[in-house]
Amino acid sequence: NKLIHFYRLLNILSIDVVLGSVCCAAWFANYFDVELRVYALLCLGLTVWIIYSADHLMDAFKVKGEASTLRHKFHQQHFKPLIIVLLLVSIADFILLFFIRAQVLHAGIFLICIVIIYLLVSRWLTYLKEFAVAGLYCGGVLLPALSLKESGLVEGDLFVLLCFFLTALINVIMFAWFDHEADIRDGNNSFSTKFGKDFTRELLLLLLLLQGILLITLLVIKSFFPVIVFVSMNSILYLLFVRSTDFKRAEYYRLLGDAVFLIPAIFLLV
């Protein structure tokens, strides 16, 4: 129970998301045979935390009364301290920019501009928010490796990137599906609140089926290694989907759903 409580705190603060993004970035660097410096990974982790924390703080600020989800409730209760930490982390992230390689820096500045635009217009994105979050997350994770990759992408590489984007998209849309009732109570926009829980469920089924087709195709045209990584990640997401009643209790779906992005680290060690 203490271990779960500790991990839940990491999840509420999006620290597990940060670790997942770093693990995925390191895996992609290994896949593309690119050497990443620690500064690039640190900068990525801090940037991901800034984006997620700023997004959660804005959502918590908009909620009238006490928030329905544990994450937004925590950000309501610790709003001012988190704002201070957010500013300090932003300063540290800015300093780290001077230590990363020029290729990564230039691509990172472009992505940061897109992130700033997202944060400014996120309240009006409604059903596009999940697609934007998945795209930005993938962009941040892939940026270090792709900016340093000297050769172009081959057909198999494009399928790997598409599988990763679909994994992130399934993850965020599934969270919106789980949070449907809480988002309605708190007045938060999501794909599920816009199109309904039943339609969102059908979309998740379609995305999971599409992911399966892509993985089979990837197995035919590429090596077995990336396929087993994505099968492991998406199997957990599928388990959350089919056992939604069990995992919705105490928001366990968040703990396991965000943990799927730590899986690539296991294959790096192996």
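Residues numbered from 1 in each chain as written. Predicted model: local features only at pLDDT ≥ 70, side-chain atom pairs only at ≥ 80, totals over all residues. Heavy atoms only, no water.

Overview of the state of the cysteines
Moving on, step 1. Counted by the stated rule, this structure contains zero disulfides.
Moving on, step 2. The structure places no disulfide on C23, whose sulfur is separated from the nearest cysteine sulfur, that of C24, by 6.9 Å.
Moving on, step 3. Lacking any disulfide linkage, C138 is separated from the closest cysteine sulfur, that of C24, by 8.8 Å.
Moving on, step 4. What makes C138 buried here is its relative accessible area of 6%. (Disulfide = S-S within 2.5 Å. Buried < 20%, exposed > 50% of the residue type's maximum accessible area, 1.4 Å probe, protein only.)

A short note on empty space enclosed by the protein
Moving on, step 1. Taken as a whole, this structure holds five cavities of 30 Å³ or more when the rule is applied.
Moving on, step 2. Of the voids in this model, the largest cavity is the one considered here, and its volume is about 810 Å³.
Moving on, step 3. Taken together, 44 residues make up the lining of the largest cavity; nearest its centre are I51, Y52, D55, V133 and V172.
Moving on, step 4. The element best represented in the lining of the largest cavity is helix α3 (residues 38-62), accounting for 10 residues.
Moving on, step 5. Considered as a void within the structure, the second largest cavity measures approximately 40 Å³ in volume.
Moving on, step 6. Taken together, L13, W49, S53, L57, H75, L82 and L86 form the lining of the second largest cavity.
Moving on, step 7. Every element with two or more residues in the lining of the second largest cavity is listed here: α3 and α5 (79-96).
Moving on, step 8. Looking at which element gives the most residues to the lining of the second largest cavity, the answer is α3, with three residues.
Moving on, step 9. Residue composition of the lining of the second largest cavity, by class: five nonpolar, two polar and no charged. (1 Å grid on protein atoms, 1.4 Å probe; cavity = no way out; pocket = protein on both sides within 12 Å on 5 of 7 lines; lining within 4 Å. Points joined across faces, edges and corners; volume = space filled by probe spheres on them. Helix = DSSP H or I, 4+ residues; strand = E, 2+ residues; numbered from the N terminus. Nonpolar A, V, L, I, M, F, W, Y, C, P; charged D, E, K, R; others polar.)

Digging into the layout of surface pockets
To locate leftover empty space, one rolls a probe as large as a water molecule over the atoms.
Moving on, step 1. Approximately 270 Å³ is the volume found for the largest pocket.
Moving on, step 2. For the largest pocket, the lining is made up of 15 residues, of which M58, D59, K62, S122 and R123 are closest to its centre.
Moving on, step 3. Here the lining of the largest pocket takes four residues from α3, the largest share from any one element.
Moving on, step 4. For the lining of the largest pocket, the residue count by class is four nonpolar, five polar and six charged.
Moving on, step 5. In this structure, the second largest pocket occupies an estimated 210 Å³ of space.
Moving on, step 6. T47, I50, I51, S90, D93, F94, L97, I112, V115, I116 and L119 together form the lining of the second largest pocket.
Moving on, step 7. Element by element, the count of residues in the lining of the second largest pocket is highest for helix α6 (residues 102-121), at four residues.

Some points on the pattern of salt bridges
Moving on, step 1. As enumerated under the stated definition, the model contains nine salt bridges in all.
Moving on, step 2. For E181, the salt bridge is made with K197, and the minimal N-O distance between the two is 3.1 Å. Placement of the pair is E181 in helix α9 (residues 180-186) and K197 in helix α11 (residues 197-221), with a sequence separation of 16 residues.
Moving on, step 3. Residue E181 is classed as partly exposed on the basis of its relative accessible area of 31%.
Moving on, step 4. Connected through shared salt-bridge partners, D55, D59, K62 and K129 make up one network. (Salt bridge = Lys/Arg side-chain N within 4 Å of Asp/Glu carboxyl O.)

A look at the nonpolar core
Moving on, step 1. Residues W27, F28, Y137, F164, M174, F230 and F261 are the most contacted members of the largest nonpolar core, which totals 81 residues.
Moving on, step 2. What F164 contacts, discounting residues up to four positions off in sequence, is C24, F28, Y137, C138, V141, F230 and F261. (Core = buried A, V, L, I, M, F, W, Y, C linked by side-chain atoms within 4.5 Å. Contact = heavy atoms within 4.5 Å.)

Digging into the packing of aromatic side chains
The geometry of an aromatic ring pair comes down to the distance between the two centres and the angle between the two planes.
Moving on, step 1. Throughout the structure, instances matching the rule amount to 22 aromatic pairs.
Moving on, step 2. A ring pair is formed by F175 and Y253, whose centres lie 5.7 Å apart and whose planes are at 65 degrees; its orientation type is edge-to-face. In this pair, F175 sits in helix α8 (residues 155-178) while Y253 sits in helix α14 (residues 252-259), placing the two residues 78 residues apart along the sequence.
Moving on, step 3. For F175, a relative accessible area of 8% gives the class buried.
Moving on, step 4. Note on Y253: relative accessible area 2%, which makes it buried.
Moving on, step 5. Taken together, a centroid distance of 5.2 Å and an interplanar angle of 40 degrees make the contact between W177 and F241 tilted. Residue W177 is found in helix α8, and its partner F241 is found in helix α12 (residues 224-242); the two are separated by 64 residues along the sequence. Each member of the pair, W177 together with F241, is buried.
Moving on, step 6. The rings of W27, F28, Y31, F32, Y137, F164, F225, F230, F261 and F267 are connected pair by pair, giving a single aromatic cluster. (Phe/Tyr/Trp six-rings, centres within 6.5 Å; stacked < 30°, edge-to-face > 60°.)

Function cannot be inferred from these measures alone, as they are strictly geometric.
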